[in-house]
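# Close look at the chain arrangement
Here's the letter readout for the chains.
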Amino acid sequence: PARAQPLRRRAPAPRAAVAAAPSAPPATLLPSTDQPVVPLAGLESYIAALRLGSADGVLVVVRFKARWCRSCRAVEPKVRRLAREMAGQVRFYEMDFDDERELCRRLGVSALPTFHFYAGEAGRVEDFTCGPMRVGDLRTKLEMYLSDHCDLPEEAQ
């Protein structure tokens, strides 16, 4: 039988070449009319999506889902509709739990579908599960984060 070949390391890229690289966002991380919810694969694309949203000043929503999850499939068309309606204000991403099980666990995902909201420098500002019967809650939370109001008690204002 054939023997497995050892992995060979590539020589690292010179630092100057990396620093001089253009900072344009990868096209695969930007939503389009055909794909209003952008899939994420791995830690690198996850971090890049958060950085891109922060730089653009938009709220980033990451939906964690699985192919076998009935609630995830039921919520999907409603999430896509919200993504189209709120394009420019909110950027929607999704990550498959089965493909990224370890990363999802490190992010605290324990039930599906789970939504995380990220707002620039503030980082994660909201995380919750939301099945098909609670999609109205998702819209309400999105509208709350997009509005400029603050719910401080009277005496604190």
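Summarised in this report is the structure supplied together with it.

Reading guide: rules and limits
- Residues numbered from 1 in each chain as written.
- Predicted model: local features only at pLDDT ≥ 70, side-chain atom pairs only at ≥ 80, totals over all residues.
- Heavy atoms only, no water.
- Phe/Tyr/Trp six-rings, centres within 6.5 Å; stacked < 30°, edge-to-face > 60°.
- Helix = DSSP H or I, 4+ residues; strand = E, 2+ residues; numbered from the N terminus.
- Pairing = 2+ DSSP bridges.
- Axes fitted to C-alpha atoms, helices over the stretch in contact; angles between N-to-C directions.
- Contact = heavy atoms within 4.5 Å.
- Polar contact = N/O pair within 3.5 Å; in protein donor to acceptor, adjacent residues only side chain to side chain.
- Expected span 1.5 Å × (residues − 1).
- Buried < 20%, exposed > 50% of the residue type's maximum accessible area, 1.4 Å probe, protein only.
- Arc of directions from axis to C-beta.

### Describing the packing of aromatic side chains
Counted by the stated rule, this structure contains 4 aromatic pairs. Consider the rings of Phe117 and Phe128, whose centres lie 5.5 Å apart with planes at 80 degrees: the pair is edge-to-face. Here Phe117, found in strand β4 (residues 114–118), pairs with Phe128, found in strand β5 (residues 124–129); they are 11 residues apart in sequence, far enough to count as distant. Relative to Tyr145, the ring of Phe117 lies with its centre 5.7 Å away and its plane at 80 degrees, an arrangement referred to as edge-to-face. Separated by 28 residues along the polypeptide, Phe117 in strand β4 and Tyr145 in helix α5 (residues 135–146) bring together distant segments of the chain.

### Thoughts on unusual backbone geometry
The peptide bond linking Leu112 to Pro113 adopts the cis configuration, its omega dihedral lying at -10 degrees. With respect to the element layout, Pro113 can be found in the loop between α4 (101–106) and β4.

### A look at the sheet that holds strand β1 (residues 37–40)
Strand order across the open sheet formed by 5 strands is β1-β3-β2-β4-β5, with mixed pairing between neighbours. Looking at strand neighbours, the two that pair on one side only are β1 and β5, the edges of this open sheet. For this sheet, the mean angle separating the axes of adjacent strands, direction not counted, is 25 degrees. Packing against the sheet, helix α3 (residues 70–85) makes contact with β1, β2 (59–65), β3 (90–96) and β4, and its axis sits at approximately 165 degrees to β2.

### With respect to the side chain of His116
Relative to the helices and strands, His116 is located in strand β4. Polar side-chain contacts of His116 include one of 3.1 Å to the side chain of Tyr118. Ignoring any residue separated from it by four or fewer positions in sequence, one finds His116 in contact with Val60, Val61, Val62, Phe64, Leu107, Val109, Arg124, Glu126 and Asp127.

### Some words on helix α2 (residues 42–56)
Given a rise of 1.5 Å per residue, 15 residues ought to cover 21 Å, and the 21 Å separating the end C-alpha atoms of α2 matches this to within 8%. For α2, the set of buried residues is Gly42, Ser45, Tyr46, Ala49, Leu52 and Gly53. In a view along the axis of α2, the buried residues occupy a sector of 130 degrees, so they form one face of it. For α2, exposure combined with an orientation more than 90 degrees from the buried face picks out Glu44, Arg51 and Ala55. Tucked into the core, α2 has its buried residues touching β1, β2, β3, α4 and β4. Looking one or two residues past α2, Gly57 carries a phi angle of roughly 70 degrees, positive in sign.

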